[in-house]
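# Chain and residue survey
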Amino acid sequence: MKLSEAVSGFDSYSRRARIYPAMLAVLPVALISALLTNNKPLVALSPILLSAGTLFLASNIVRVLGQRTQQRLIVKWDGMPTTKLLRFRAAQNSVMLQRRRHALEALFGAPLPTRRQEAANPQKADEAYIAATRCLITHVRSRPGQFPLIDHENAAYGFARNLLGIKPLALGVLTASAAADAVIYLRDGLTSPLVVVGGLHLSLAAAWLFFIRPAWVRQAAETYAERLFEALDLPPGPASNEQNSSADQATSLLGE
């Protein structure tokens, strides 16, 4: 089975936000295996490694680890960006805030907490903001294809969040791969294939250590939140009964 055929069985969000992070995490093992065995065992095992069941398991492991990481980030950030964009106490542009809130109230069918109500009970106000945001996400999901930029940014956030979630696992894989590189060096010396594989391992380690960080995930989350609320400025199109198969796509920024 070809990799493209196995991955094609998943929806776009699952591929970009779950399958691709899993592949990046195990890439060092694939590289060292190719160096050691000239791909022969990989060819023999490929039907199992690329089966839909294996990829589905990997997808859900990545999803769970990403969601656990998100819960920690929510506490650190004092709420998700979608919630903070509706708070009076966090407003950076009062005109944009009022416009966003009025449009969301019309969609939600109920008034959002006032400035005084938010100040009196911030937690209850946040619960109302989360419920209203959920309504907006449902509105976007019911119109597949009408908000491609929102879909793109949501997948980008899921990709970043899940990479951070599996970062310890990926670094463990890289550590084991580096040890294998050292063993090969002691056995065969500095060969050209080892230089290539070792260089790729170093590049991956640098990416995991210095790029895949909470600040990157937060930037992706804030970008998605901005794009999501921009849907309020667009005229509504016909709704669709089609449901997205990605269970956490609609709630990826709601802490669920």
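Cut-offs and rules
Residues numbered from 1 in each chain as written. Predicted model: local features only at pLDDT ≥ 70, side-chain atom pairs only at ≥ 80, totals over all residues. Heavy atoms only, no water. Salt bridge = Lys/Arg side-chain N within 4 Å of Asp/Glu carboxyl O. Helix = DSSP H or I, 4+ residues; strand = E, 2+ residues; numbered from the N terminus. Buried < 20%, exposed > 50% of the residue type's maximum accessible area, 1.4 Å probe, protein only. Contact = heavy atoms within 4.5 Å. 1 Å grid on protein atoms, 1.4 Å probe; cavity = no way out; pocket = protein on both sides within 12 Å on 5 of 7 lines; lining within 4 Å. Points joined across faces, edges and corners; volume = space filled by probe spheres on them. Axes fitted to C-alpha atoms, helices over the stretch in contact; angles between N-to-C directions. Parallel < 35°, antiparallel > 145°, perpendicular 65-115°, else oblique. Left-handed = near helix turned anticlockwise from the far one by under 90°. Nonpolar A, V, L, I, M, F, W, Y, C, P; charged D, E, K, R; others polar. pLDDT = per-residue confidence, 0-100. Phe/Tyr/Trp six-rings, centres within 6.5 Å; stacked < 30°, edge-to-face > 60°. Lys NZ or Arg CZ within 6 Å of the ring centre and 35° of its normal. Expected span 1.5 Å × (residues − 1). Arc of directions from axis to C-beta.

Another aspect to go through is the pattern of salt bridges. Following the criterion strictly, the structure yields eight salt bridges and no others. Note that E222 is salt-bridged to R218, the shortest N-O span being 3.3 Å. Note that E222 and R218 are positioned in helix α12 (residues 214-230) at a spacing of four residues, about one turn of the helix. The exposure class assigned to E222 is partly exposed, which follows from its relative accessible area of 37%. Close ionic contact of E230 with R227 constitutes a salt bridge, the shortest N to O distance being 2.7 Å. Taken together, the residues span about one helical turn, with E230 and R227 both in helix α12 at a distance of three residues. Members of the salt-bridge network, linked through shared partners, are D78, R87, R89, E118 and D126.

Quick look at the environment of W208 now. Relative to the assigned elements, W208 resides in helix α11 (residues 192-210). The spacing of W208 and L171 is 37 residues in sequence and 7.4 Å in space, taken between C-alpha atoms. If we ignore the near neighbours within four places in the chain, the residues touching W208 are L24, A25, L163, I166, K167, A170, L171 and L174.

What the second largest pocket holds in volume is close to 370 Å³. K84, L85, A90, Q92 and E226 are the residues nearest the centre of the second largest pocket, which is lined by 16 residues in total. Counting residues per element, the ones that place at least two in the lining of the second largest pocket are α5 (81-84), α6 (94-108) and α12.

This part covers the packing of helix α9 (residues 148-165) against α12. The interhelical angle for the contact between α9 and α12, taken along N-to-C directions, is 160°, at an axis separation of 9 Å. On the basis of their axis angle, the class for α9 and α12 is roughly antiparallel. Regarding α9 and α12, the two cross each other, and that crossing is left-handed. Contacts between α9 and α12 involve L149, I150, E153, N154, A156, Y157, F159, A160, R161, L163 and L164 on the former and, on the latter, P214, W216, V217, A220, A221, T223, Y224, R227 and L228. Within the contact of α9 with α12, the residues separate by chemical class into 15 nonpolar, two polar and three charged.

A word on the confidence of the model for the protein chain. Chain-level pLDDT for the protein chain is 84 on average; 80% of the residues reach the 70-or-more range. A low-confidence stretch, residues 241-251 stays under pLDDT 50, and its non-local contacts, those more than four residues away or across chains, total 26 contacts.

Another aspect to go through is the packing of aromatic side chains. Applying the stated criterion across every chain, the model contains two aromatic pairs. Centroid distance F211 to W216: 4.7 Å. Interplanar angle 45°. Geometry classified as tilted. In textbook terms, an aromatic cluster arises when at least three aromatic residues are bridged by ring pairs, as seen for F159, F211 and W216. The side chain of R100 reaches across the aromatic face of F229, ending 5.5 Å from its centre.

Attention now moves to helix α8 (residues 122-141). Along an α-helix, a turn takes 3.6 residues, which lines up residues three or four apart on a common side. Its 20 residues give α8 an end-to-end C-alpha distance of 28 Å, which sits within 8% of 28 Å, the value for a rise of 1.5 Å per residue. What α8 keeps buried is the set A125, D126, Y129, A132, T133, L136, I137, H139 and V140. Mapping the buried residues of α8 onto a view down its axis gives an arc of 150°, with all of them on the same face. For α8, the exposed residues lying more than 90 degrees away from the buried face are Q123 and K124. Tucked inside the fold, the buried residues of α8 contact α5, α6, α7 (115-120), α9 and α12.

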